[in-house]
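Chain by chain, the residues run as shown.
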Amino acid sequence: MQKLPEAFVENMKKQLPKTEWEAFFACYEQKPLKGLRFNPLKGGRFALKPFLPFVQEPIEWEEEGYYTTEEKLGGHPLHFAGAFYSQEPSAMSAAPLLEVQAGERVLDLCSAPGGKGTQLACKMDGQGIIVLNEPISSRAKILSQNVERMGIKNAVVLNEYPHALAAKFQGYFDKVLVDAPCSGEGMFRKNAEEALSQWSEENVELCAKRQKEILDCATKVLRVGGRLVYSTCTFATAEDEGQVREYLLSHPEMRLIKQEKLYPHKCKGEGHFLALFEKTEKKEDWDSRLKEAKPSVTNAGEKLYREFEKSFFKERFAERLYEANGVLYALPQGVFDWRGLQVLRVGVRLGEVRNGRFEPAHALVMSAKADECKNVLSLSLDDGRVEKYLRGETLEIEGDNGWYAVCVEGLPIGLGKAVNGVLKNHLPKGLRK
């Protein structure tokens, strides 16, 4: 076990009854617990669990969540397919508190790498708008990649600081999640070396100050009657219960509905803090008057895409097309005009026009279902061609020339183009093994 900071030990002794000290500190001599969350957009737990024998008992606060014995899941073919998201078990407890519904406007303000944001999106079934925001550009790119892998069609991925969103989206969102950057005390077991090296009492104070500013911005973008969840993966009172007390004093328009702290000696996880609020009255001078983005596509771009769509899909796949610099997107219904914002992704990137032809994007097939596609190369997990495809190799194929959805156990993992019995691999180079 790594040596815990003395100040942290003293703080926890003040926070917990003496009868619980031994059980709490004994947790740091045990291995961290692992979890995964099945993706209902790809079939969910009932369809996918039989393919993953290392999945154990369910996680009580997330219906798609399960404990797992597997250490590294990123190389599993079904991970490539977006069938599941590896996520620390107690981290799955925050998103369900919001009870998001299809058709709502939802914001995950500090979203990278995307665990909680994709968890929210999976409950919306592609309906409504979910904005996933991350201020740090390198982390925002990882977030965008996870949105693509999970096949989410109604997301807007932004790379903005909270104050920029507060200025543009006042009163716009029905639900807001603030999984705030914190001192990371709940990571002392999971990521011991990094978390312990970064921890200090000064950092706790710095995090608390930053969290207050983020919460102020989050309050502005929430509509009256809307709900907000604040969460951290730390045990520091200044960032948890103390933050809630200060927040309620400075925001009388907000009502605390629920507050809970998950400790590792009382739950099967690393620990988390959760608070659920409701906005009861209007405080801002104005509400957001965001215009809706209008579809915009050149005649040539639409013609080439529709020709591809007719050859690849059984029915129309994208309704609202948007084109920028030859790249075509399928816009979510009701999406706002995003001009002036740093945007990484809006809806689904369909592909681009190159040299007078339409070239489909990886995101297109990842947001599709196998039974929507005309040409499918169906592979099972034990088929050796799966690993060959994930390494970027070509495959032999019987069938017509043209584009194919390459699927594992019925889930798309990428595209291939058949020419005279050879399937050229179109899995992006950055995703290959």
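For the structure, check the block above.
Residues numbered from 1 in each chain as written. Predicted model: local features only at pLDDT ≥ 70, side-chain atom pairs only at ≥ 80, totals over all residues. Heavy atoms only, no water.

A.B. asks: With reference to specific residues and values, describe the nonpolar core.
C.D. replies: If you look at the biggest cluster of nonpolar residues, it comprises 34 residues, and the most contacted ones within it are Val-176, Val-178, Leu-228, Val-335 and Phe-336. The set of elements that each furnish at least two residues to this core consists of strand 6 (129-133), strand 7 (155-158), strand 8 (173-179), helix 9 (201-221), strand 9 (222-232), helix 10 (241-250) and strand 11 (272-279). Of the residues forming this core, the biggest block, four residues, is contributed by helix 9. Leu-78, Leu-390, Val-408 and Ile-413 belong to the second largest nonpolar core, which has 28 residues in total. (Core = buried A, V, L, I, M, F, W, Y, C linked by side-chain atoms within 4.5 Å. Buried < 20%, exposed > 50% of the residue type's maximum accessible area, 1.4 Å probe, protein only. Helix = DSSP H or I, 4+ residues; strand = E, 2+ residues; numbered from the N terminus.)

A.B. asks: Describe the pattern of salt bridges, naming the residues involved and giving the relevant values.
C.D. replies: Going through the model one piece at a time under the given rule, you end up with 29 salt bridges. Two residues, Arg-349 and Glu-352, come together in a salt bridge whose shortest N-O distance is 3.6 Å. Within this structure, Glu-62, Glu-63 and Lys-123 form a network of salt bridges that share partners. (Salt bridge = Lys/Arg side-chain N within 4 Å of Asp/Glu carboxyl O.)

A.B. asks: I'd like a rundown of the pairing of strand 8, residues and numbers included.
C.D. replies: Along strand 8, six of the seven residues are buried, which leaves the element largely enclosed by surrounding structure. Alignment of strand 5 (residues 105-108) against strand 8, held across three bridges, turns out to be parallel. Bridge pairing links Leu-107 to Val-176 in strand 8. In this structure, strand 8 lies alongside strand 9, joined through six bridges in parallel fashion. In the strand pairing of strand 9, Lys-175 is matched with Arg-227. (Pairing = 2+ DSSP bridges.)

A.B. asks: Tell me about the packing of helix 1 (residues 6-15) against helix 2 (residues 18-26), residues and numbers included.
C.D. replies: In the contact formed by helix 1 and helix 2, the axes pass within 10 Å of each other and the chain directions differ by 140°. Taken together, the axes of helix 1 and helix 2 lie oblique to each other. In terms of crossing hand, the pair formed by helix 1 and helix 2 is right-handed. Between helix 1 and helix 2, the residues in contact are Phe-8, Val-9, Met-12 and Lys-13 and Trp-21, Phe-24 and Phe-25, respectively. (Axes fitted to C-alpha atoms, helices over the stretch in contact; angles between N-to-C directions. Parallel < 35°, antiparallel > 145°, perpendicular 65-115°, else oblique. Left-handed = near helix turned anticlockwise from the far one by under 90°. Contact = heavy atoms within 4.5 Å.)

On their own, these measurements won't tell you what the molecule is for.
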